[in-house]
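Analysis of the macromolecular model
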Amino acid sequence: MICQKFCVVLLHWEFICVITAFNLSYPITPWRFKLSCMPPNSTYDYFLLPAGLSKNTSNLNGHYETAVEFNSSDTHFSNLSKTTFHCCFRSEQDRNCSLCADNIEGKTFVSTVNSSVFQQMGANWNIQCWLKGDLKLFICYVESLFKNPFKNYKHKVHLLYVLPEVLEDSPLVPQKGSFQMVHCNCSVHERCECLVPVPTAKLNDTLLMCLKITSGGVIFQSPLMSVQPINMVKPDPPLGLRMEITDDGNLKISWSSPPLVPFPLQYEVKYSENSTTVIREADKIVSATSLLVDGILPGSSYEVQVRGKRLDGPGIWSDWSTPHVFTTQDVIYFPPKILTSVGSNVSFHCIYKNENKIVSSKKIVWWMNLAEKIPQSQYDVVSDHVSKVTFFNLNETKPRGKFTYDAVYCCNEHECHHRYAELYVIDVNINISCETDGHLTKMTCRWSTNTIQSLVGSTLQLRYRRSSLYCFDIPSIHRISKPKDCYLQSDGFYECVFQPIFLLSGYTMWIRINHPLGSLDSPPTCVLPDSVVKPLPPSSVKAEIIKNIGLLKISWEKPVFPENNLQFQIRYGLSGKEIQWKMYDVYDAKSKSVSLPVPDLCAVYAVQVRCKRSDGLGLWSNWSNPAYTVVMDIKVPMRGPEFWRIINGDTMKKEKNVTLLLKPLMKNDSLCSVQRYVINHHTSCNGTWSEDVGNHTKFTFLWTEQAHTVTVLAINSIGASVANFNLTFSWPMSKVNIVQSLSAYPLNSSCVILSWILSPSDYKLMYFIIEWKNLNEDGEIKWLRISSSVKKYYIHDHFIPIEKYQFSLYPIFMEGVGKPKIINSFTQDNTEKHQNDAGLYVIVPVIISSSILLLGTLLISHQRMKKLFWEDVPNPKNCSWAQGLNFQKKMPGTKELLGGGWLNQ
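Please read these numbers as outputs of a predicted model, since none were measured by experiment.

1. As for the overall build of the chain
When helices and strands are counted, the chain shows three helices and 68 strands. Looking at the chain residue by residue over its 905 residues, the buried ones come to 43%. When the accessible area of the chain is evaluated, it comes to approximately 50,700 Å², of which 52% is carbon and sulfur surface.

Following this line, the structure appears as structure tokens:
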């Protein structure tokens, strides 16, 4: 019978929770509260019953009997032998048992149990609930408060919950069977953990819950509880707790907020300080993620813990973070490290503790790198224990091995502690150069870090701000800026591309050096894309040598963009591996060609053209692709070729074969090529004719008349040469002899001096022809044309002393070729004299140089011998025993030596 009654109660307790779902639910508080179930005759016997419930109690066979009646239905539970327990919630602060915060009358729950164990003592549990920091689980802890002898009763706890739907702000009463049950983990003795999963979308909805507790064979049911999970968030403890001394000498306690928290938090910080002079504790509430503690002392230990809670609205404090301990050094520098730029002013502060006693700031001195004492004029006394040193207009730090900073030492009057502060001074003057492409679509900026000192752990970033129109007179760094990605190129420069661009907008940009010690900015520069345009190079560049004029003509086409007036620059030079460029500027924006004189009209010239805005803004374009001239005939040849002749035939006969030897024209004379040679003949009988010999340099004709004049013309594509050489072959003139003597003196194997003496003549001498050949070989003769005013000539050729050579000198008159002077060997009478003279010129300088060298050697040797001889002899005047002695007087027992020396016998 008892078992049947127990089952009936278990099957219908959920239905009771459903009926009283919203009107009779207990709002869960962020703090711990208590569930109490007491018998009627206990201290809390009086409970207000909910409306619609009647209480009928009678004593039958020593048991309490209660009938529960629901006015809203015809369900009746009667004639059950049981003891009725009244269960309610109450907070730790409030001893009155209540269902809800305002304890509305008529809203009291009852639980019925079939046991006499708890009839006298009742049952109590502590309950605390919160939403876990990950916002996924709602947790309730149930802790039994049973007293002995029931403390060790094994108990089970189940939690029934439901998240009802809400329509038009009116809650629907949950239906029977809509509650879900979770089994609470009671692995920890007397404490059970109940986990309710809450979807993220329902964090703001109302969660309804009931507890079913089985203990000692008895089932207890709690009243209904309600809560909005978002109001019961218990964050995770703060992360990353750390402490450091600030640049102002305060202790900064900082931490990070736990993740996934959907609202701002407030924090409670508790810390303790322990030093040789002070012991203190503090507890502070802050909304930021850091706290400054002043009055920090050297040699102190600080222990800190932090917890968090919702800043606005209800919430639960998180657990305390793990304790973090920070100990200050005996010498405190603040800041301990400074990163700054060239030309700036910085200050260090110091507190010095020596043998458990803080040194007075008036007794502190400062040193740089333990090598340079800093002048006292740079000291300041901040307080009794804080000293300050200031550095003005700093220069760049010079690296010393692996150290890239200067060490600043704070010392007392007699010693320095091994700890020091670090001063980094770098030059941040970074030049940023930009150019806009010729299509006006993008701007490329470049900068290099080769001019600044690189610090380990530093990164560089270009930042910029674009103004709507033009640049300000003085560019400045704006607090709102954008970063720009720049990429390192093979030449060591970083390159950044802005695309698209606004031609008339000012781009203020600078390089930011980010380092754990801080950030530094280079001086800003403002760039207007329209002012840094690099035009496309001129196109259609052509180069040619103008015919009949002989000038280098260069033509080009200007680029489409920019539309501004342009100036042009031309460079030209002889084509080759290393071109020696010449420059020429064209300032007329309308010009498209220019003609320039060049020294060599028959050479290939390379030409390039570039352009730039005429107003001075922008950049020079790249050089255009080179254009080359083509070698072609410019003018008729400047002259005909030089020529000589070889006459063969019997001297007794009047007919002789004459072979002409032509020297080919060079390009500068032919301008620029020779297609053929033409020989004009004129005889004494007025016979005239021409012969085309093509490109041949030898031509033979028959000389039959008393006088025969030959003229050789050079022909190119333009025409025939105007200035030409003539040579007249005349029988009478061949007998005119004006050369009295001819001498040949060999100077060396590559040079022979030829000299001659002339006799007076009535004929007009035009020039000489010198002819020579090796008589031991069958080679061709060699010849030269020289001026008629020359009396001596140096022939440069390869001569063999043991060979025989023939030298001939022909006087050439206007009337014809005179009689030559011919010698078949070198002149012997003066050869030896010339050789001796040449040797004398070599020997005399050698003798003079040797004499000077010998004299210098003797002087140096004399001084060294004198020094070696006397360096071991002491100076008597420096000896104590020699004081007062007359060294001019001869000492007894000594012998005089040359040079005033002395020696003991």
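Here the narrative resumes, following the displayed structure.
2. Regarding the state of the cysteines
In total, this model carries 10 disulfides according to the counting rule given. With a sulfur-sulfur separation of 1.8 Å, Cys37 is cross-linked through a disulfide to Cys87. Looking down the S-S bond of the Cys37 and Cys87 bridge, the torsion is 115 degrees, so its handedness is right-handed. A residue pair is termed long-range when its members are at least 10 positions apart, and Cys37 in strand E2 (residues 33-38) and Cys87 in strand E7 (residues 83-91) qualify at 50 residues. Accessibility classification places Cys37 together with Cys87 in one group, the buried group. At a sulfur-sulfur separation of 2.1 Å, the disulfide partner of Cys434 is Cys445. Classification of the bridge connecting Cys434 and Cys445 rests on its S-S torsion, roughly 110 degrees, and on that basis the disulfide is right-handed. In this pair, Cys434 is assigned in strand E37 (residues 432-436) and Cys445 in strand E38 (residues 443-448), connecting sequence segments 11 residues apart.

3. Quick look at the sheet that holds strand E47 (residues 551-557)
Strands pair in a sheet through their backbones, by hydrogen bonds, and they do so in one of two ways: parallel or antiparallel. Pairing in this open sheet of three strands is antiparallel, and the strands run E46-E47-E50 from one edge to the other. Each having just a single partner strand, strand E46 (539-545) and strand E50 (593-597) make up the two edges of the open sheet. Direction aside, neighbouring strands of the sheet carry axes that sit 15 degrees apart on average. Where E46 meets E47, five bridges bridge the pair, whose relative direction is antiparallel. Of the residues in E47, the one forming a bridge with Ile545 is Leu552.

4. A few points about the packing of aromatic side chains
In this structure the tally under the stated criterion is 29 aromatic pairs. Both rings, one in Tyr26 and one in Phe33, keep their centres 5.4 Å apart while their planes meet at 50 degrees; by these two values the pair is tilted. The pair Tyr26 / Phe33 is uniform in exposure class, with both members buried. Arranged with centres 4.6 Å apart and planes meeting at 15 degrees, the rings of Trp447 and Tyr494 form a pair that is stacked. Highlighted residues: Trp447 in strand E38 and Tyr494 in strand E42 (residues 493-498), separated in sequence by 47 residues. Positioned over the ring face of Tyr141 is Arg191, at 4.1 Å from the centre of the ring. A cation sits over an aromatic face here: Arg310 above Phe263, 4.4 Å from the ring centre.

5. Digging into the sheet that holds strand E35 (residues 406-411)
A sheet is described by the order of its strands in space; here five strands give the open sequence E28-E36-E35-E31-E32, paired in mixed fashion. In the strand order of this sheet, the two ends are held by strand E28 (337-341) and strand E32 (372-373), each with one partner. For strand E31 (residues 365-368) and E35, the ladder comprises four bridges, and the chain directions are antiparallel. Residue pairing for E35: Trp366 is matched across the bridge by Cys410.

6. So, unusual backbone geometry
In this model, Phe334 is joined to Pro335 through a cis peptide bond whose omega is -5 degrees. On the secondary structure map, Pro335 appears in the loop between strand E27 (331-334) and E28. The amide bond that connects Phe561 to the next residue, Pro562, takes the cis arrangement and shows omega of -5 degrees. Residue position: Pro562 is located in the loop between E47 and strand E48 (566-574). Here the phi dihedral of Leu260 falls at roughly 70 degrees; this positive angle occurs in a residue that is not glycine. Note that Leu260 resides in the loop between strand E21 (251-256) and strand E22 (265-274). Classification of Leu260 by relative accessible area gives exposed; the value is 57%. A positive phi angle, close to 65 degrees, is found at Asn548, a residue other than glycine. Mapped onto the secondary structure, Asn548 falls in the loop between E46 and E47. Look at Asn548 and you get exposed, because its relative accessible area is 55%.

Reading the values: rules and limits
Residues numbered from 1 in each chain as written. Predicted model: local features only at pLDDT ≥ 70, side-chain atom pairs only at ≥ 80, totals over all residues. Heavy atoms only, no water. Helix = DSSP H or I, 4+ residues; strand = E, 2+ residues; numbered from the N terminus. Buried < 20%, exposed > 50% of the residue type's maximum accessible area, 1.4 Å probe, protein only. Areas by Shrake-Rupley, 256 points an atom, 1.4 Å probe, with all protein chains shown as cover. Disulfide = S-S within 2.5 Å. Pairing = 2+ DSSP bridges. Axes fitted to C-alpha atoms, helices over the stretch in contact; angles between N-to-C directions. Phe/Tyr/Trp six-rings, centres within 6.5 Å; stacked < 30°, edge-to-face > 60°. Lys NZ or Arg CZ within 6 Å of the ring centre and 35° of its normal.

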